[in-house]
Amino acid sequence: MDNCIFCKIVAGTIPSKKVFEDEDLIVFHDINPAAPMHLLMVPREHIATLADSDDRHQALLGKMLRIAPKLAQEHGGGYQNGADGPTGGFKTLINTGPDGGQEVYHLHLHLMGGPRPWSGQR
Ligand code: AMP
Ligand code: ZN
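Scoring rules and cut-offs
Residues numbered from 1 in each chain as written. Chains lettered and ligands numbered in written order. Predicted model: local features only at pLDDT ≥ 70, side-chain atom pairs only at ≥ 80, totals over all residues. Heavy atoms only, no water. Donors = N, O, S within 2.8 Å, 3.2 Å for Na, K, Ca; no water. Tetrahedral: all angles 85-135°; square planar, octahedral: opposite > 155°, others 65-115°. Buried < 20%, exposed > 50% of the residue type's maximum accessible area, 1.4 Å probe, protein only. Salt bridge = Lys/Arg side-chain N within 4 Å of Asp/Glu carboxyl O. Helix = DSSP H or I, 4+ residues; strand = E, 2+ residues; numbered from the N terminus. Near = heavy atom within 4 Å. Polar contact = N/O pair within 3.5 Å; in protein donor to acceptor, adjacent residues only side chain to side chain.

What exactly am I supposed to notice about the coordination of the zinc ion (ligand 2) here?
Ideal donor angles around a metal are set by the shape: a four-donor tetrahedron calls for 109.5 degrees, a six-donor octahedron for 90 or 180 degrees. Within the first shell, the zinc ion (ligand 2) binds the protein through C4 (SG), C7 (SG), H46 (ND1) and H106 (ND1), at distances of 2.0 to 2.3 Å. Here the zinc ion (ligand 2) is ringed by 4 donor atoms whose angles at the metal span 104 to 117°, and the overall shape comes out tetrahedral. Of note, the zinc ion (ligand 2) draws all its donor residues from one chain, in the sequence arrangement C-x2-C-x38-H-x59-H. In this pair, the class of C4 matches that of C7, namely buried.

Next comes the structure, spelled out in structure tokens:
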């Protein structure tokens, strides 16, 4: 898509702080982070919204959720369930449409984590 900022990031014509890529998707730092760790997981294919995805995208959508914990672990948002109970953790978020707060119309999953002001840590 000619005018899509995330297609341009996928193509490399707009720079990004990339942390992961494979044949299906790329992951980079959000330019305006809302959390200590804020990554965006973006399919290489232009799919405008989650509502525009179809059965062909089932494995891709599953992969995005499956790699989230590992990426979070590598970037300061890891979740642990230790002997003293759960610590750390992250949020996964897909905004869809105007009422869902979507600003960029190329499907993406927000992966946010790290210590929070309200968590009582740091
Ligand atoms: P959404 O509101 O769910 O569509 O989220 C769009 C996200 O893209 C926002 O969190 C923006 O900060 C982020 N964003 C917009 N442009 C860029 C860019 N060039 N590089 C990295 N993140 C971006
Ligand atoms: Zn696009």
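The discussion continues.
Explain the pattern of salt bridges here, please?
Side-chain pairs of opposite charge can arise whenever the charged atoms involved come near each other. Under the counting rule described, the total for this entry stands at 8 salt bridges. The shortest N-O distance in the salt bridge between R44 and E21 comes to 2.9 Å. Here R44, found in the loop between β3 (37-43) and α2 (58-74), pairs with E21, found in strand β1 (residues 18-21); they are 23 residues apart in sequence, far enough to count as distant. The structure contains a network of salt bridges with shared partners spanning D22, E23, D24 and K63.

Please explain the site of ligand 1 as it appears in this structure.
In the vicinity of ligand 1 there are 16 residues, among which D30, N95, E103, V104 and H110 approach most closely. Here an oxygen atom of ligand 1 and a backbone polar atom of E103 are 2.7 Å apart. If you list the elements that add at least two residues to the shell around ligand 1, you get α1 (5-11) and β2 (25-29). Looking at which element gives the most residues to the shell around ligand 1, the answer is α1, with 3 residues.

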